[in-house]
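The residues making up each chain are set out below.
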Amino acid sequence: MKEDLEHLIRLQQIDTQIITKKTEIERIPDEIIKFTSPLKAAEKELQAQKARYESSEKKRRNKELELSEISDKIEKLKARTSDIKTNKEYQAHLKEIEKKEKEKYLIEDDILFLMEETEEALQRVKEAEKKVEEEKKRLKEIEEELKKKQQQIEKELDELKAQRSEITKKINKELYDQYMMLLEKNNGLAIAEAKDEVCLGCYMSIPPQLYVEIKTEDKIFTCPQCGRFLYRSQ
Ligand SMILES: [Zn+2]
């Protein structure tokens, strides 16, 4: 019986490791998702910068159109100069040209400003593109690292499963079935140490008589509270 207990203790140690490793593998997709957010943020930033650039570029093109229209008008006004008969008309005509020229200068100023703005916006687009590439590269590296980690854990799991099947062979079926039932019921812990008259599985008191018997009797006892197998290490 004491030998059975030792096998159960060993089996529990292996199962605890198996559970831990399985949990580690299950967490990997979440870890990848966590590392995806900087890339998503960089992609969003790139979209925003592209939109700014396009808006600026559109404004610039519209101003270019305005410039071309006003230049045409000025050319036409100038062409009409020779048709003017009176001095008064001539003065008015010059004023009209002057007014249009002023408008043209203002448009040219706007274009210069917009060219600068567009250039800056393009620069920011390029920076945002660079950032996206960097984040993609970083994410790929993390994914590869996590893939390697997963492969390593799977290898360790295979070793643990081999050890488990060795130890299982040594435990009789009835006891093994009871162990599996307890493992399922008690959150992965089927066997617990009894220490200072307390079950370390559920932290409830163990009757003093039972506590003594665990040590002295050659049989396997269970906790009256949680039902786990109990053992004493001293
Ligand atoms: Zn207990």
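Counting from 1, residues in each chain are numbered in the order their sequence is written. Residues qualify for local features only when their pLDDT is at least 70, as the model is predicted, and side-chain atom pairs are given and counted only at 80 or more; totals for whole chains, interfaces and linings, by contrast, use all residues.

## Things to note about the domain arrangement of the protein chain
Here is step 1: Residue ranges labeled as domains rest on an automatic or database domain assignment. When its domains are assigned, the protein chain resolves into domain 1 (7–171) and domain 2 (172–234).
Here is step 2: Two residues qualify as a contact pair if the distance between their C-beta atoms, derived from the backbone, is within 7 Å. Taken together, the contact pairs nine residues of domain 1 with ten residues of domain 2.
Here is step 3: Only DSSP runs of H or I covering at least 4 residues are called helices, and only runs of E covering at least 2 are called strands; the numbering of each starts at the N terminus. The element best represented in the side of domain 1 that touches domain 2 is helix α1 (residues 2–80), accounting for seven residues.
Here is step 4: Of the residues assigned to the side of domain 1 that touches domain 2, the class counts are five nonpolar, three polar and one charged. Nonpolar residues are Ala, Val, Leu, Ile, Met, Phe, Trp, Tyr, Cys and Pro. Charged residues are Asp, Glu, Lys and Arg, and all others, Gly as well, are polar.

## What about the nonpolar core?
Here is step 1: In terms of nonpolar packing, the biggest core is built from 16 residues, with Leu8, Ile191, Ala194, Cys199, Phe229, Leu230 and Tyr231 touching the most fellow members.
Here is step 2: Those elements that place two or more of their residues in this core are α1, α3 (173–185), β1 (191–195) and β4 (229–231).
Here is step 3: In contact with Ile191, not counting residues within four places along its chain, are Leu8, Ile9, Gln12, Arg228, Phe229 and Tyr231. Only buried Ala, Val, Leu, Ile, Met, Phe, Trp, Tyr and Cys residues enter a nonpolar core, and they are joined through C-beta atoms within 7 Å. Exposed residues have 12 or fewer other C-beta atoms within 10 Å of their own C-beta, buried residues have 20 or more, and residues in between are partly exposed; the C-beta atoms are placed from the backbone.

## Examining the sheet that holds β1
Here is step 1: Pairs of strands are assigned from DSSP output, requiring at least two bridges between the strands. Across the sheet, which stays open at both edges, the four strands sit in the order β2-β1-β4-β3 with mixed pairing between neighbours. The sheet is open, and its two edges are formed by β2 (198–199) and β3 (221–222), each paired on a single side.
Here is step 2: Direction of pairing for β1 relative to β4: parallel, over a ladder of three bridges. Bridged to Glu193 within β4 is Tyr231.

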